[in-house]
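Single-letter residue listing:
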Amino acid sequence: MVSCNQIYRRLSLTFIFGIASLHAQTVTPEQWALLGGQSGGLNAYTAIVSPSGTLTNISPSLAATSIIHSVSINPSGYGLIGGSDGSLLNSAYAATVSPSGVVTQIPFTPDGTINSVAINLSNYGLIGGNDMSSGYVAMVSPVGLATQVLLPSASTDINSVAINNSRQGLVGGVDVSNSFAALISPSGVTTSVSGLPVTGEIFSVSINNLAEGLIGGTSSTNAYAAMVSPSGAASPITLPGGITTGSINSVSLNDSNYGLIGGQNGSDPYAALLSPTSSPTLITLGATTGTINSVAINEFN
């Protein structure tokens, strides 16, 4: 086992013991950070944060019950936000964010919600969620135009999306009660990931610039994580620490194929470090009750 102190310089974890309504992703020190969530339990909230910690509210003008579920920002300060618009019945919402904080709604009209967004270095993005009765995924161009991606099943719900700098994407979720994940080509062609557990759900996905992927979620009542090859084959990971019931809620994979996974083992928080050359290493967290909701890993090699 390794401790959090031993890996502090190599990776970052977000520990959440309870429920939080803000989701954050930081960038390099000379750029902005982007926050998203809900204010007062009613209104969608978005803000940019300067390197000195100055907060600038850039919340979109949406009605009560709106919420931002996901944010993503690249090193140039361009971002994407996604969620739902309470001013329209069951209407999904997504927008681009400029480095100066200008929020521009993406012109698309699915019902439902956007659960996850991602943006790459070239300002190409991927958004995913549901269109009420079916899953929804769209590629977003640098000028903010959304092109819907045709999914292989109409009954999916997308929980997580990721995109690399070659515009290759990975999405994950659930198809009725079955795990679902798919690769998205730069032209929008989907390839279903093979080898997934029949019963379960994918909660989080990550794809690096080598087109290697990492997914996490559940397999029946057990926690589940797998590597995904560039061709779309899932290779399950034997999780360390005797995890039985629980889930992997968040995954992150760097370009050296080191990964970080976090979730819950029974009622206990769970995290492990993945290596391309050795078995996964359980991370000692020093807590007995709670969950890990979000993890991130950088390029530490």
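Conventions used here
- Note that residues are indexed from 1 along each chain, following the sequence as it is written.
- Only residues with pLDDT of at least 70 are given local features in this predicted model, and only at 80 or more are side-chain atom pairs given and counted; all residues enter the totals for whole chains, interfaces and linings.
- For the side-chain quantities, the full set of heavy atoms in the structure was used; hydrogens and water were omitted.
- Secondary structure elements follow DSSP: runs of H or I of four or more residues count as helices, runs of E of two or more count as strands, with numbering from the N terminus.
- Each residue's exposure class comes from its accessible area (1.4 Å probe, protein chains only) as a fraction of the maximum for that residue type: buried when under 20%, exposed when over 50%, partly exposed otherwise.
- By definition in these notes, contact holds between two residues if any of their heavy atoms fall within 4.5 Å.
- Each accessible area is a Shrake-Rupley result for a 1.4 Å probe, and residues are judged covered by the shown protein chains and nothing else.
- Strands are labelled as partners when DSSP assigns at least two bridges between them.
- With axes taken as lines fitted to C-alpha atoms, and helix axes fitted only over the stretch in contact, angles between N-to-C directions fall between 0 and 180 degrees.
- Any pair of Phe, Tyr and Trp rings, taking the six-membered ring for Trp, is counted once the centres come within 6.5 Å. Such a pair is stacked with planes under 30 degrees apart, edge-to-face with planes over 60 apart, and tilted for the rest.
- Two conditions define a charge located above a ring, namely a distance within 6 Å from the ring centre to NZ of Lys or CZ of Arg, and an angle within 35 degrees of the ring normal.
- For every residue, the predictor states its confidence as a pLDDT score lying anywhere from 0 to 100.
- Two N or O atoms count as a polar contact when they lie within 3.5 Å, although within protein this holds only if one can serve as hydrogen donor and the other as acceptor, and sequence-adjacent residues are included solely when both atoms are side-chain atoms.

(A) Expanded view of the overall build of the protein. For the protein, the helix and strand inventory stands at 1 helix and 27 strands. Scored against the burial criterion, the 301 residues of the protein give a buried share of 51%. Contacts spanning at least 24 positions in sequence make up 41% of the contacts within the protein whose residues lie at least 6 apart. Total accessible area on the protein is roughly 13,000 Å²; 52% of this is exposed by carbon and sulfur atoms.

(B) Summary view of the sheet that holds strand β16 (residues 169-175). If you walk across this open sheet you meet the 4 strands as β15-β16-β17-β18, and the pairing is antiparallel. The open sheet has two free edges, formed respectively by β15 (156-163) and β18 (190-192), since each of these has just one partner strand. In this sheet, neighbouring strand axes are inclined to one another by 25 degrees on average, regardless of whether the strands run parallel or antiparallel. Inspection of the sheet shows β15 paired to β16 by 7 bridges, in the antiparallel sense. Paired with Ile158 across the strands is Gly173, a residue of β16.

(C) Region of interest: the packing of aromatic side chains. A complete count under the given rule lists 1 aromatic pair for this structure. Aromatic pair Phe108 and Tyr136: ring centres 5.7 Å apart, planes at 25 degrees, arrangement stacked. Of this pair, Phe108 sits in the loop between β10 (103-105) and β11 (113-119) while Tyr136 is found in strand β13 (residues 135-140), placing the two residues 28 residues apart along the sequence. Both residues of the pair, Phe108 and Tyr136, belong to the buried class. Here the guanidinium or amino end of Arg167 rests over the ring plane of Tyr124, the centre of that ring lying 4.0 Å away.

(D) Summary view of the sheet that holds strand β7 (residues 67-73). Spatial ordering of the open sheet is given by β7-β8-β9-β10, a layout of 4 strands whose pairing is antiparallel. Looking at strand neighbours, the two that pair on one side only are β7 and β10, the edges of this open sheet. In this sheet, neighbouring strand axes are inclined to one another by 25 degrees on average, regardless of whether the strands run parallel or antiparallel. With 7 bridges joining them, strand β8 (residues 79-85) and strand β9 (residues 91-97) adopt antiparallel strand pairing. Bridge pairing in β9 links Asp85 to Ser91.

(E) Up close: the pairing of strand β19 (residues 200-207). β19 sits mainly inside the fold: 6 of its 8 residues count as buried. Remark: 5 residues form the turn of the hairpin made by β19 and strand β20 (residues 213-219), two consecutive strands paired antiparallel; Ala211 in that turn has positive phi of roughly 70 degrees.

(F) Seen up close, the environment of Ser235. Here Ser235 lies in strand β22 (residues 234-236). Judged by its relative accessible area of 43%, Ser235 falls in the partly exposed class. Considered as a pair, Ser235 and Leu196 are 39 residues apart in the sequence and their alpha carbons are 8.5 Å apart.

(G) View of the confidence of the model for the protein. Scored by pLDDT, the protein comes out at a mean of 86, with 88% of its residues at no less than 70. Within the model, pLDDT remains below 50 along residues 1-30, and this stretch shows 76 contacts once partners closer than five positions in the same chain are excluded.

(H) Layout of the environment of Thr277. Among the secondary structure elements, Thr277 is positioned in the loop between β25 (268-274) and β26 (281-284). A C-alpha to C-alpha distance of 9.2 Å links Thr277 and Asn257, two positions 20 residues apart in sequence.

(I) View of the environment of Ala211. Tracing the backbone shows Ala211 in the loop between β19 and β20. Residue Ala211 is classed as buried on the basis of its relative accessible area of 10%. Sequence-distant contacts of Ala211, that is, excluding residues within four places in its chain, are made with Asn164, Gln168, Val228, Ser229 and Pro230.

(J) Main features of the side chain of Ser70. Along the chain, the position of Ser70 falls in strand β7. A polar contact is formed between the side chain of Ser70 and the backbone nitrogen of Val117, at a distance of 3.1 Å. Discounting residues that sit within four places of it in the chain, Ser70 has contacts with Leu80, Ile81, Gly82, Asn115, Ser116 and Val117.

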